[in-house]
Each structure stands twice: as C-alpha cells, then as structure tokens.
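A closer look at the structure
Here is how the chains run, residue by residue.
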Amino acid sequence: MSEQLKFIVEQLNKEPFKKNFNLITFDSLEPMQLLQILNDVLAEIDPKQALDIREEMPEQTVKRMCALLGMLKYRPPGNLSDVSTFRQGLVTGSKPVVHPILHWLLQRVTELKKRAYLARFLVKLEVPAEFLQDDIINDTYHQYEELVEGFKTYHKECEQLRTSGFSTAEIRRDISAMEEEKDQLIKRVERLKKRVESVSNHQRMLEQARQLRVEKEREESLTHQKQEQRNQLFQAEQRLQRSQQQLKDLRQAAADANPESLMKRLEEEIKINSYMVSEKLPKELEGMRHTVQYLQKVASEPAMGQADLQELEDKIKEVDYQINQLIEKRMMRNDPMDDKLTLYRQQASIIIRRKESKAEELQEAREELAAAERELRQRTNQPQASDGEEVIRGDELKRLVVKLRSRGTVFKKKRQEITELKAEYGVLQRTEEILRQRHETIQQKLQTVEAEKGISGYSDTQEELERVSAIKSELDEKKGRTLDDMSEMVKKLNSVIVEKKSALAPIIKELRSLRQRCQELSQEYEEKKVQYESCAAGLESNRSKLEQEVKALREETAQEENQYHYINTMSEIIEMQIQRAAEEMKAYVSSDPQERKKAIREVYMKNISEQELLGKKLREKQKMVRESHSDNMEQMKMWQDLEQLMECKKQCFIRAQSQASIGQVIQEGGEDRLVL
C-alpha cells in the first residue's frame, strides 16, 4: 500500500498536475479534495471531465465517473467487486476505493487518452428497435455505422503510417533533394546535348548506347534469375536429403520396433508423465502459490527499518542455534531402531532427490529439444548464411544436438551427485566426530570397569565372537531363502506379464490414435508459438517506435503551439497599431476642429510648442542668472562674512556671561570696557 501511495504522489507532482504533495499531505486530504484530484486526473484523460465537483450533484458526479471508468475498462479490486459498495465508496470519497483508481489511471495515462479519444467515435449510440422501423432513422443509423467502420479503417491506416518510420519532414527533405538533383540532371543533359550535336551521326550513336543499356539491364536480370534458380536447386537438394534421412530413420525405427519394446517404452512414458502430473507439477504449483502468498504478505506489511531487520536477524540466529542443538540431541540418542530408520529415511530422501533431479533434467531436455527443433527449422529455411557460407546440414545438426545434449545431461548429473555427496559428507563428518567422542568415552569407562573386575580385553573378544556368529547365521538364512524366492518370483512375473498384456491391448490401440493426434497438436502448437513470438517481437518494436514518434510529435506540437501563440500576439499588436493609425488619419483629415484636436498629431504639436516656449523661458532665465552671477556671488560672500561676525559676537556674549563674577563689561560708543 505504501508503494502505491508513493507512486501516486510522484505522478501527481509531475507534469501536468504539479500538485506538490508528499505522503503525509496526500494521506490527510479530505474526501471532497480526493474526489477533485480524481476528477482532475480524469480530465487529463478526457477534457470533457474538466469541472469543479462542488458545482455538481454527488449522484451526477458518481454516474459520470462510473461511465468513464467503464468505458476505460477499469475493474475494481477483488474486495470491491460489489457495484453498490464501489459506488458508495466513490460517493463518500473513500480512500480504499479512490487510491486504486488513481494508481490504475496514473500507470497508463497515455493509453487511456487514446482509448478515450477513440471511444468518442467508436462507442455506438443505442437506438431502440421500434425507432429503427422508420426508414429514415434506419438509413441514418446505417450511415452512422458505415462512418464508424470508415473511422476504424482510417485510424488503422494512420497508425500504420506512424509506425512505418516515415516522417513528413524527412519526406519533404527528400523531395527537395530529388528536385535539386532533377534540376542538376536536366542541366547536365542539356550540356551533353549541346556537346553531342556537333558530332556527326550522333543520333545513331545515341540509339546504340540505348540498346547497350537495355542489354546490360537484361544481363543483370538474367544473372539474378540464375542466382535464384541456384538457390532453389540448393533448397530442393536439402529437402531431398532431409526426406531421405527421415525415410531412413522411419525404416530403421520400423525394423527395430516390436510389441515388447513398444510396450516398455510406453510404460516408461506413462510412468514419467504420471509422475510429472501427480507429484512434480503439483509440488511446484504449491511452492509458487506459497511464494506468491509470502510476497503479498511482505508487500502488504509496512516498510521495515534497521531495528526491525536487526531483530529478525537475531531471531534467525536463535532458531538456527535451536535447530543445531536438536540435531545434536537426536544424533546422541542411542536407539538402534531409530538408527535403522534414519538409514532408511536417508536412502528414501536420496532416492526422492534423485527422482526430482531426473524429472527436472527430463523437462530441461524436452525444452532443449523443442528449442533445437525450432532452430533446426529456421536454419533449414535459410539456404546460405549472410556471408555466403553454407549452413550446417540436418544430419550434422542432429549429431551435434545429440552430442551436446548427452554432455549437458552428464554435466548436470555429475553436478547433482557432487552436491549430494558434499551434503552427505558434511552430515557424516559431524556424525563421525560425535560417535568418535562417545566411543572414546565408553571405551575408557569399559576399560576402567574391566580393570576393576580383573577381566581386561573381555569386551573385544565378545564383540568378535558375536560378529562371526551373526555373519554365519545370515549366510545360512540366505542360502535357504534364495531358491524359494526365485521360484515364487518367476511365477509371479509370468502371471503379471499375462495380465498386463491382456489389459494393455485395448489401451495400445487407443494410444496409437492419441499419439498421432498428439504429434499433430504439438506440431500445430509449435507453429502457433513461432507465429506468436514473431508477432510479439514485431508489436514490441512497433510500440517502441510509436513511443519515440509520439515523443517527437509532442515536442514538435509544443514548439508549434509556442510559435502559434507568438504569431497571434504579434498580429493583435499590429492590428491595434493599424487601427490607431486609421483613427489618427481619420481625425487628422476631419473638418471638425474638435475632432482634429483629439488627433495625436495635434496633441504632439501642442506639447512641442509648449516645450519650446518653456525652453525659451528657461534660456532667458539662464541668461539673467549668468549676467547676475558675479553680483550674486559677491552678495553671498558678504552674507557669509556677516554670519561669521554674528557667530563671533554670540561666542563673546556667552563668554561674557560666564565671566560676570570677575567684572562687568560696559559697551559705550562701540567700545567694550571691563570694570573690576
């Protein structure tokens, strides 16, 4: 679920949505906001859906969205298969309903845009049957169906042209280049004609040159036909060789075939197929189901951090330690019956592993055989390699395939045996160490007890006597049982053979027809599979070409739109300028003085005259300032001196006020006197 939300947020933050969401803000959206986002995504797919859902009734919104989703072939998840539940969740803006829809839409926006575009023309109108009784309505409906079929045809042709790799720009460049070459050739022919006209008998020479060219073209066509006939002859020889080899193989198989060998072969095939169907394939299917369930469980769980991973690793180590302890306890148990069962269990597990490995080798060998046969058919269809060398013949290829198959089988068998031996060696090595330790402990205890009792060496002698007596009794029993077992076995085998022959006679008859049918079906299956693979490869290449072309066309469309808007803007500006010029001309030539005053020319002339008058006044003022500049400067200097004198008097007065306690300053007749 978290991966789904991440994908939705990433796509909504990209063009053309630019929502600027993160996981927290997106998850905290209100139901109405979530429905508006869903409506915006649907509007990107179908522009008719662009509207504000607040201005629409909820029932109409749900009906409109459900109709569009049905047209786009959206299927709700398994837990929302109920239509009423799905509609209710869509009305309320439920996250479990809206999130899967957004995830599905954002995964395939381009494909859905195309589907929505085609649906506008291909979804037929449903006309009631009683209305179609009218001739006019019936004819109109038939015309409508013909137009729909015509649209399908034109759309297919358009798609084919888009996928063909042709571009209008390239075609235009090619046409222009061909026209230039044509002009050059025409000029060159005219120059050559002028040169040839001066030569005597030039008409006869031109006719001979034309005949020479015709004969050369005929020679090239004959050479091409000769090469084609050689290739056909080579192919016919190869077919003849293959047919002869097949006839030889069939004759050899018919000569070597007898009922017993056929029965034996059929029994082996039946056993192998029954094992594959009843044991191997169900196990693989069950394992895959468990894997899918486990992966779904892992995907549904939240993201794990470093602490969770460390906790899981600790649990794994603890469980491994417990398993090792249980294995050691089990191996240290001294129970002879368990030891015998363990041996049989090990043998059974080894046999089961070998059986599974052989089944896997058989399946791989069948796949290799099918691949080799396909490659053989492809190689035989090619008479020669690309560099002119001959390809491998059919019998040589068969021998090579058989040799490689045998080597691959031997390699896989040896590798499986090495793996089993390594695993068994590890178990045996650990068992040997434990048994050796136990044996040393028991021997030490036994020797101590024997030394205490005074019978040292008694245990070794007793073991040797028991071993010899056991071997003797086993040999006696084997001698007595051998003859009885052999006679009983012969009788049982004879009776079983008779029963099997009588029971398998009708089955063999049915099996022959079924085998022939199986061969036909397998051959048809291989042919269909090859066709499917070639078709799939072609469609994949076409899809990649389409994606590249669509990308280029989108860029070109964006550039053309920018150019279109720029040209429209410039044309509007020019039209406004032309309109203003026309209005100015109309006002200028008008006889009404009020209209002429509104003209821009008159306004500008008035402004010019005012500015000229203002400039004249400023020049006169400048002249007056220049003339009175020296007097004004002298007056300004006098004022500055007066200001300094007043400042000096001010300072003297302040100083006199501060010195009043010392004496008195008397000012008379412009003189200052200090009286103490």
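In the annotation of an unreviewed UniProt entry, the protein chain is listed under the name Intraflagellar transport protein 81 homolog and assigned to Lates calcarifer. Under the UniProt heading Subcellular location (unreviewed entry), the note attached to the protein chain is "Cytoplasm, Cytoskeleton, Cilium basal body". As its UniProt record puts it under Sequence similarities (unreviewed entry), the protein chain is described as follows: "Belongs to the IFT81 family."

**A closer look at the overall build of the protein chain**
Assigned secondary structure in the protein chain consists of 18 helices and two strands. Looking at the protein chain as a whole, 13% of its 676 residues are labelled buried. Within the protein chain, contacts between residues separated by at least 24 positions form 59% of all contacts whose residues are at least 6 apart in sequence. Element-wise, carbon and sulfur atoms account for 56% of the exposed surface of the protein chain, whose accessible area totals about 56100 Å².

**Observations regarding the packing of helix α3 (residues 31-45) against helix α6 (residues 95-107)**
Remark: α3 packs on α6, axes separated minimally by 11 Å, with the N-to-C direction vectors making an angle of 25 degrees. Relative to α6, α3 is oriented roughly parallel. Considering only the axes of α3 and α6, their crossing is left-handed. Residues L34, L35, I37, L38, V41, L42 and I45 of α3 pack against K95, V98, H99, I101, L102, L105 and L106 of α6. Here the residues of the contact of α3 with α6 sort into twelve nonpolar, one polar and one charged.

**Focus: the packing of aromatic side chains**
Under the criterion given, the structure shown has three aromatic pairs. When the centroid spacing of 6.0 Å and the interplanar angle of 40 degrees are considered together, the rings of Y141 and Y144 count as tilted. Of this pair, Y141 and Y144 both sit in helix α8 (residues 135-163), separated by three residues, roughly a single helical turn. By relative accessible area, which is 23% here, Y144 ends up partly exposed.

**A short note on the nonpolar core**
The biggest cluster of nonpolar side chains holds 35 residues, and the ones touching the most others in it are L12, F26, L38, L90, I101 and L105. Among the elements of the structure, α1 (2-13), α3, α4 (58-71), α5 (83-92), α6 and α7 (109-122) are those that each provide at least two residues to this core.

**Digging into unusual backbone geometry**
Residues other than glycine seldom take positive phi values, yet N20 does so here, at roughly 60 degrees. Judged by its relative accessible area of 70%, N20 falls in the exposed class. Positive phi, normally seen in glycine, also occurs at K73, with a value near 65 degrees. Here K73 lies in the loop between α4 and α5.

**Quick look at α6**
Between its first and last C-alpha, α6 extends 18 Å over 13 residues, near the 18 Å set by a 1.5 Å rise per residue. Burial analysis of α6 places ten of its 13 residues in the buried class, which makes it a mostly covered element. Every buried residue of α6 is listed here: V97, V98, H99, P100, I101, L102, H103, W104, L105 and L106.

**Thoughts on the pattern of salt bridges**
A complete count under the given rule lists twelve salt bridges for this structure. A salt bridge links E217 to R213; the nearest nitrogen and oxygen atoms lie 3.5 Å apart. Taken together, the positions of E217 and R213, both in helix α10 (residues 202-256) and four residues apart, correspond to about one turn of that helix. Since its relative accessible area comes to 45%, R213 is described here as partly exposed. Across the pair E540 and R543 runs a salt bridge, and its minimum N-O distance is 2.5 Å. Note that E540 and R543 are positioned in helix α15 (residues 458-589) at a spacing of three residues, about one turn of the helix. Counted as one network, the salt bridges with shared partners bring together E540, R543 and E547.

**Focus on a positive patch on the surface**
Judged by side-chain charge, K187, R188, R191 and R195 come together as a positively charged surface patch. With respect to the helices and strands, the residue R195 is situated in helix α9 (residues 168-197). Here R195 falls in the exposed class, since its relative accessible area comes to 61%.

**Considering the environment of M276**
On the secondary structure map, M276 appears in helix α11 (residues 259-300). You can call M276 buried: its relative accessible area is 9%. Along the backbone, M276 and E360 are 84 residues apart, and their C-alpha atoms lie at a distance of 9.5 Å. Once you skip the residues sitting within four places of it in the chain, M276 turns out to touch L281, P282, A359 and Q363.

**Focus on a nonpolar patch on the surface**
Taken together, the side chains of Y566, I567, M570, I573, I574 and I578 make up a nonpolar region of the molecular surface, amounting to roughly 570 Å² of accessible area. If you trace the backbone, I567 turns up in helix α15. Its relative accessible area of 45% is what places I567 among the partly exposed residues.

Cut-offs applied
- Residues numbered from 1 in each chain as written.
- Predicted model: local features only at pLDDT ≥ 70, side-chain atom pairs only at ≥ 80, totals over all residues.
- Heavy atoms only, no water.
- UniProt positions renumbered as here; feature names shortened; annotations may be inferred.
- Helix = DSSP H or I, 4+ residues; strand = E, 2+ residues; numbered from the N terminus.
- Buried < 20%, exposed > 50% of the residue type's maximum accessible area, 1.4 Å probe, protein only.
- Contact = heavy atoms within 4.5 Å.
- Areas by Shrake-Rupley, 256 points an atom, 1.4 Å probe, with all protein chains shown as cover.
- Axes fitted to C-alpha atoms, helices over the stretch in contact; angles between N-to-C directions.
- Parallel < 35°, antiparallel > 145°, perpendicular 65-115°, else oblique.
- Left-handed = near helix turned anticlockwise from the far one by under 90°.
- Nonpolar A, V, L, I, M, F, W, Y, C, P; charged D, E, K, R; others polar.
- Phe/Tyr/Trp six-rings, centres within 6.5 Å; stacked < 30°, edge-to-face > 60°.
- Core = buried A, V, L, I, M, F, W, Y, C linked by side-chain atoms within 4.5 Å.
- Expected span 1.5 Å × (residues − 1).
- Salt bridge = Lys/Arg side-chain N within 4 Å of Asp/Glu carboxyl O.
- Patch = residues over 30% accessible without salt bridge, like charges linked within 9 Å, V, L, I, M, F, W, Y side chains within 5 Å.
- Lys, Arg positive; Asp, Glu negative; His and termini not counted.
- Charge placed at Lys NZ, Arg CZ, Asp CG, Glu CD.

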